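Each chain, letter by letter, is given below.
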Amino acid sequence: MQLSANKTKRYVHIQTFGCQMNVNDTDRILQVLAPLDYVMTDDPAQASLILLNTCSVRDRAEQKMMSQLGRLAPLKEHNDELVLGVAGCVAQQEGAELLKKVPYLDLVFGPDHIAELPSLLARVAGSEKRVAETELYKRKGYQFVEAEPLPAVDGHAQKVSEFVTIMKGCDKVCTYCIVPFTRGREVSKPHEMVVREVSRLVEAGAREVTLLGQNVNSYGKDLVESSEARFARVPTFAQLLREVDAVPGLERVRFTTSHPMDAIDDLIACFGELRTLCEYFHLPVQSGSDSILEAMRRFYTVADYRDKIAKLRAQCPDLALSTDIIVGFPGETEADFEDSLKLLAEVAYDSIYAFKYSPRPGTKALALGDTVDEADKERRLDAVLKLQKDISRKKMLGYVGKQVEVLIEGPSTRTSKGQSSVVPLDAKPSFQLMGRTRTNVIVNVPVPLGDFWSKRWVGQLATVVIEEAKANSLFGRFA
Ligand code: SAM
Ligand code: SF4
């Protein structure tokens, strides 16, 4: 396979599993492949490079990847040129072992090696044939891929809402979590680079950015510790938010994720004060029981967490809140679980992400065993989801009749009747645009066909009157 010398277009197919971090890494992969004339395709059969960008936070995500590899294997039989690779956290976790387990796999590379992808492909095309590159960079050696707006695909406009990584890795070692092993130590992106990236994305058409890190509140701490920092100004996360807020043309800023232990007063003060900062905060609690939080090594108590929520709500009464919760952590009793339910009912989050505990290799919690049996985990998960369904329903109904600001992102994937995009000739077609409130709720707005194609609303802040609330989205009309 020839690389940069050959200017003919070639296709890359990427399947992304897991969190926003991986979604953003996929964009960076596309960015480093663009100079090699790779174009994204949805059709794996058309591709000369197929990558699975994987997640290993829970066991099921890993199983999904293995079965997907099995489905893709026959394509290798018909196409000698096809390069099949695994990126992301499973790649990092398994390393060269994955090449042994999957004999038809050509390439395995961890999240730290995205910038080197062109040279990794050259090695696969050369004498090495099968390559694994998964050494984690130490803090000093780590280089961020400075994000560029990706070229618009098929005439679609630039994305209205973009992710910007502000740091990689995690220095917390929650006992259940594999992330510190797959993403390494915390490294903060220099603030000038963050602001440059945001400015470029806005110039290209973005109106909203979500700043990404495993624990954004510790942004800058590693820079302060480094010797160069003695001569440079290193902002805290709250100060970084203020710098991003000042980028001309930017309408909205979000961030994820915060660790409750580090969610401190100068960040709380930003809500209601910074024009662009949306009234939405994802603050993962993980459990409502102090003894489980201690076993998880989360370094806060339920009372500390309640205190943060009270401060946030006092600062910003309209704040929407979401959380992550794990059921069935080793040793979780019925009483511990009831405490989690109690906390969920008390805080009344707008939405939650709930997970059954999944033992992960290398983590401290592995030594505690997997003591809660599957049926109990299942029952507890159902109870959490049922409770939240009622709370979320009430929150969603609260929007009906109100006018809200919606940033229109593009066409909704479904028509107003929930049908696919085929419209009967005799029907009066009505399409939907999709956007989000500042509180991160999806709003669908039916518009006439002409309006849809004119795309004049995309990227606009619209005032929408909410007429109907469904479980996960709102419906309304332009005011
Ligand atoms: N850094 C974020 C934080 O501290 O909240 C979360 C990152 S993690 C990728 C996302 C969520 O996955 C966690 O908040 C946790 O609820 C869940 N998670 C992580 N490890 C898990 C495990 N072993 N089993 C079940 N859920 C897990
Ligand atoms: Fe995992 Fe804890 Fe780090 Fe979040 S803070 S990524 S849960 S170790």
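The rules behind these values
- Residues numbered from 1 in each chain as written.
- Chains lettered and ligands numbered in written order.
- Predicted model: local features only at pLDDT ≥ 70, side-chain atom pairs only at ≥ 80, totals over all residues.
- Heavy atoms only, no water.
- Axes fitted to C-alpha atoms, helices over the stretch in contact; angles between N-to-C directions.
- Helix = DSSP H or I, 4+ residues; strand = E, 2+ residues; numbered from the N terminus.
- Parallel < 35°, antiparallel > 145°, perpendicular 65-115°, else oblique.
- Contact = heavy atoms within 4.5 Å.
- Nonpolar A, V, L, I, M, F, W, Y, C, P; charged D, E, K, R; others polar.
- Core = buried A, V, L, I, M, F, W, Y, C linked by side-chain atoms within 4.5 Å.
- Buried < 20%, exposed > 50% of the residue type's maximum accessible area, 1.4 Å probe, protein only.
- Near = heavy atom within 4 Å.
- Left-handed = near helix turned anticlockwise from the far one by under 90°.
- Polar contact = N/O pair within 3.5 Å; in protein donor to acceptor, adjacent residues only side chain to side chain.
- Areas by Shrake-Rupley, 256 points an atom, 1.4 Å probe, with all protein chains shown as cover.

## Some details on the packing of helix α12 (residues 302–315) against helix α13 (residues 334–347)
Line of reasoning, step 1. Viewed as axis vectors pointing N to C, α12 and α13 meet at an angle of 10°, and their least axial separation amounts to 12 Å. The angle between the axes of α12 and α13 places the two elements in the roughly parallel class. Between α12 and α13, the contacting residues are V302, Y305, R306, I309 and R313 on the first element and L343, E346 and V347 on the second.
Line of reasoning, step 2. Grouping the amino acids of the contact of α12 with α13 by side-chain chemistry returns 5 nonpolar, no polar and 3 charged.

## A closer look at the nonpolar core
Line of reasoning, step 1. Core analysis: the largest hydrophobic core is formed by 63 residues, its most contacted members being L211, F237, L241, F255 and F281.
Line of reasoning, step 2. When sequence neighbours within four positions are dropped, the list of residues in contact with L241 reads L211, V253, F255, L267, C270, L274 and L277.
Line of reasoning, step 3. I29, Y38, L51 and A87 belong to the second-largest nonpolar core, a separate cluster that totals 21 residues.

## Notes on the site of ligand 2
Line of reasoning, step 1. Residues in close proximity to ligand 2 include C170, K172, C174, Y176, C177, V179, P180, Q214, H259 and R298, which together make up its full environment.
Line of reasoning, step 2. Looking at the shell around ligand 2, its residues break down into 6 nonpolar, 2 polar and 2 charged.

## Quick word on the packing of α13 against helix α14 (residues 374–397)
Any two packed helices are characterised by how steeply their axes cross, that is the angle between the axes, and by the distance between the axes.
Line of reasoning, step 1. Packing of α13 against α14 brings their axes to within 10 Å, and their N-to-C directions diverge by 15°. In terms of axis orientation, α13 runs roughly parallel to α14. Both α13 and α14 take part in a crossing whose hand is right-handed. From α13, E334, F337, L341, L344 and A345 reach across to α14, where they touch R379, R380, A383, V384, L387 and I391.

## A few points about the site of ligand 1
Line of reasoning, step 1. Close to ligand 1 lie 15 residues, the nearest being Q214, P284, Q286, D324 and S358.
Line of reasoning, step 2. Within the side chain of D324, a nitrogen or oxygen atom sits 2.5 Å from an oxygen atom of ligand 1.
Line of reasoning, step 3. For ligand 1, whose accessible area on its own is 560 Å², the fraction buried by protein is 92%.
Line of reasoning, step 4. Contributing elements (two or more residues each) for the shell around ligand 1: β13 (320–327) and β14 (351–356).
Line of reasoning, step 5. In terms of residue class, the shell around ligand 1 is built from 6 nonpolar, 4 polar and 5 charged.

Bear in mind that shape data such as this cannot, by itself, settle questions of function.
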